[in-house]
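# Summary of the model geometry
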Amino acid sequence: MMNTTAKAIPLVDLHAQRVRISDLLEQAIADVLTRGQFIMGPEVAEFEDALANYAGAKHCISCANGTDALMIALMARGIGPGDAVFVPAFTFPATAEVVALLGATPFFIDVLEDTFNISPDSLQRAIGECTSRELRPAAVIPVDLFGLPVDYESISAIAEEHGLFVLCDAAQSMGAISADRKAGSFGHATATSFFPAKPLGCYGDGGAVLTDNDELAEVLRSIRQHGKGGGKYEQARVGVNSRLDTLQAAILLPKLEILEDEMTSRNRVAARYAENLADAVSVPVIPEYGRCAWAQYTIKLEHRDKAQAALKDANIACAIYYPKTLNRQAAYASYPVVGNGVPVSESLTKTVLSLPMHPYLQDEDIDRVVQVILKIAMQ
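In this report, we go over the structure that sits alongside the text. These figures come from a predicted structure and were not determined experimentally.

## Side note on the layout of surface pockets
Which parts of space are left empty comes out when a probe the size of a water molecule is rolled across the atoms. As a volume, the largest pocket reaches approximately 520 Å³. If you go around the largest pocket, you meet 27 residues; those closest to its centre are Phe 92, Gln 172, Ser 193, Phe 195 and Lys 198. Breaking the lining of the largest pocket down by element, the ones donating at least two residues are helix H4 (66–76) and helix H5 (94–101). Sorting elements by how many residues they give to the lining of the largest pocket places H4 first, with three residues. Counted by class, the lining of the largest pocket contains 15 nonpolar, nine polar and three charged residues. Estimates place the volume of the second largest pocket at around 200 Å³. Every residue lining the second largest pocket is listed: Leu 24, Gln 27, Ala 28, Asp 31, Val 32, Arg 35, Glu 43, Glu 46, Ala 250, Leu 253, Pro 254 and Glu 257.

Have a look at this one:
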């Protein structure tokens, strides 16, 4: 039975963040309401410039959500029927969804056991299998799962060898660092999401594509606004309606200002978890090259279901990301899987458990979570 007298510990605490910057948020929203430019108001361009500068990218093209960010980036490259786009089997469905929506083929590959990120060996093998499947290797979408940047040095080398478009899925990793570069500055383009629970989240849906490629940026801006050409009613190409609302841009600006400070706090939380749990369960591995944004803090343990139930009884939120690999989802069962399968991804679906993670988690709350996990792990 749930202990309803114990303080609830949420998975993510947006309220604490809102209290911290409430004056800035209220003023930002009031300014938009007063001005009345709700679509493509000045805050949109201001936020795009600020995020591009933060991430170290030349261009930021905002859009309606993270899924659209992935899709319009693929559209800008002309990805379509006959093209294979390599995606991890262990991730959120949007990564594969956009590929299928464009008529291309999501080709599922495995991830690494320690980082949860795309496996270079699995990618190499899948590329070699394309000829027998009558597919053209066209692109790869590495996902910075749970906020940890992919080993982009290895993935980019493979991509360059085979002429692949590298679209980084940084939906969970804004604020992360790899080899002294921030998420948003890797690959040919980076797609990200501003879903409220993300490390950089708004109060609705939102997304963006970041790139250093001038031509690609121009096409992206056109596609997000119905394929707009030089004039208001000139359509240069088939596009979509995917613009970031001015209100959401205004909300994101003060949140971006505190992102670095929140990264420090997230890493404090992660360090305390690791220090107390490392001897009992498998804790996340952070390679020397990277800083994780900690969208989630995900452990692996044998008695996952017992731990989930015990946390619930203690009034502590948790989640399973993800309970099933994408290739086993009904929507994607007909798409190809790398020849030797995705055994690591399959194994992870049975053992992963995400614990409360946000910048405002107090030490006593972390310790309560740890106590529950240790009790189960020691059984």
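## Description of H5
The periodicity of an α-helix, 3.6 residues per turn, causes residues three or four places apart in sequence to face the same way. Considered for burial, the residues of H5 that qualify are Ala 94, Thr 95, Ala 96, Val 98 and Val 99. Backbone geometry just downstream of H5 places Gly 103 in the positive-phi region, at approximately 85°.

## What about the environment of Leu 200?
Mapped onto the secondary structure, Leu 200 falls in the loop between strand S8 (189–193) and strand S9 (207–211). Apart from the residues within four sequence positions on either side, Leu 200 is in contact with Phe 47, Leu 51, Met 174, Ser 193, Phe 194, Leu 252, Lys 255, Leu 256 and Leu 259.

## Details of the packing of aromatic side chains
Applying the stated criterion to the full structure yields 13 aromatic pairs. Judged by centre distance (4.7 Å) and plane angle (10°), the ring pair of Tyr 152 and Phe 186 falls under stacked. Pair noted here: Tyr 152 is in helix H7 (residues 152–162) and Phe 186 is in the loop between strand S7 (181–182) and S8, with a separation of 34 residues, a long-range link. Here the basic side chain of Lys 182 rests over the ring of Tyr 54, its NZ or CZ set 4.5 Å away from the ring centre.

## With respect to the sheet that holds strand S1 (residues 59–63)
By way of backbone hydrogen bonds, the strands of a sheet pair with one another, either parallel or antiparallel. In space, the seven strands of this open sheet follow the order S1-S9-S8-S5-S4-S2-S3, with mixed pairing throughout. The open sheet terminates on both sides in strands that have one partner only, identified here as S1 and strand S3 (105–109). Within this sheet the neighbouring strands show an average axis-to-axis angle of 30°, counted without direction. Pairing geometry for strand S2 (residues 83–88) and S3, over five bridges, is parallel. Pairing of Val 87 across the sheet is with Phe 108, part of S3.

Conventions adopted
Numbers given to residues run from 1 along each chain, matching the order in which its sequence is written. The predicted origin of the model limits local features to residues at a pLDDT of at least 70 and limits the giving and counting of side-chain atom pairs to 80 or more, whereas totals for whole chains, interfaces and linings rest on all residues. For the side-chain quantities, the full set of heavy atoms in the structure was used; hydrogens and water were omitted. A 1.4 Å probe that fits but cannot get out identifies a cavity on a 1 Å grid over protein atoms alone, an open set with protein on both sides within 12 Å along at least five of seven lines counts as a pocket, and a residue lines either if it has an atom within 4 Å of a point. Grid points are joined across faces, edges and corners, and a volume is the space filled by probe spheres set on the points. By definition, any uninterrupted DSSP run of H or I lasting at least four residues is a helix, any uninterrupted run of E lasting at least two residues is a strand, and each is numbered from the N terminus. Only Asp, Glu, Lys and Arg are considered charged, only Ala, Val, Leu, Ile, Met, Phe, Trp, Tyr, Cys and Pro nonpolar, and every remaining residue, Gly among them, polar. Partly exposed residues are those whose accessible area sits between 20% and 50% of the maximum for their type, while under 20% is buried and over 50% is exposed, using a 1.4 Å probe and protein chains only. Residue contacts are defined here by distance: any two heavy atoms, one from each residue, within 4.5 Å place the two residues in contact. Two rings from Phe, Tyr or Trp (for Trp, the six-membered ring) form a pair when their centres are within 6.5 Å of each other. A pair whose planes differ by under 30 degrees is stacked, one over 60 is edge-to-face, and the rest are tilted. Note on criteria: charge over ring means Lys NZ or Arg CZ within 6 Å of the ring centre, with the direction from the centre no more than 35 degrees off the ring normal. For two strands to be treated as a pair, DSSP must find no fewer than two bridges joining them. Fitted lines through C-alpha atoms give the axes, limited to the stretch in contact for helices. The angle between two N-to-C directions lies from 0 to 180 degrees.

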